[in-house]
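What follows is each chain in one-letter form.
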Amino acid sequence: MKKTGILNAQLIRCIAELGHKDLFMIGDAGMPIPKGVEVVDLILCAGVTF
């Protein structure tokens, strides 16, 4: 993923800060999120490929 680039600067920062045994989750709008957890909103348009 890091080789081809990521469209969202906040997302790439979160990935870069991951340490050993850290967790990273991608969920939809219905996912309950506890207070204090950083959230990155992602929006993709049709035709965007990686």
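Described below are features of the structure shown in this document. This structure is a prediction, so every number in the text was calculated from the model and none was measured.

From N to C terminus, the chain includes one helix and zero strands. For the chain, the residues scored as buried account for 6% of the 50 residues in total. For the chain, the computed accessible surface area is about 4800 Å², with 61% contributed by carbon and sulfur atoms.

What follows deals with the environment of Ile-43. For Ile-43, the location among the structural elements is in the segment after α1 (9-16). Owing to a relative accessible area of 76%, Ile-43 belongs among the exposed residues under this scheme. As a C-alpha pair, Ile-43 and Asn-8 span 35 residues in sequence and 9.3 Å in three-dimensional space.

So, about the pattern of salt bridges. Considering all chains together, one arrives at two salt bridges under this definition. Note that Arg-13 and Glu-17 form a salt bridge whose closest N and O atoms lie 3.2 Å from each other. For Glu-17, a relative accessible area of 52% corresponds to the exposed category. A salt bridge links Glu-38 to Arg-13, with the nearest nitrogen and oxygen atoms 2.4 Å apart. Here Arg-13 lies in helix α1 and Glu-38 lies in the segment after α1, a separation of 25 residues in the sequence. The partly exposed category is assigned to Arg-13, whose relative accessible area is 33%. Taken together, the shared-partner salt bridges connect Arg-13, Glu-17 and Glu-38 into one network.

Reading guide: rules and limits
- Residues numbered from 1 in each chain as written.
- Predicted model: local features only at pLDDT ≥ 70, side-chain atom pairs only at ≥ 80, totals over all residues.
- Heavy atoms only, no water.
- Helix = DSSP H or I, 4+ residues; strand = E, 2+ residues; numbered from the N terminus.
- Buried < 20%, exposed > 50% of the residue type's maximum accessible area, 1.4 Å probe, protein only.
- Areas by Shrake-Rupley, 256 points an atom, 1.4 Å probe, with all protein chains shown as cover.
- Salt bridge = Lys/Arg side-chain N within 4 Å of Asp/Glu carboxyl O.

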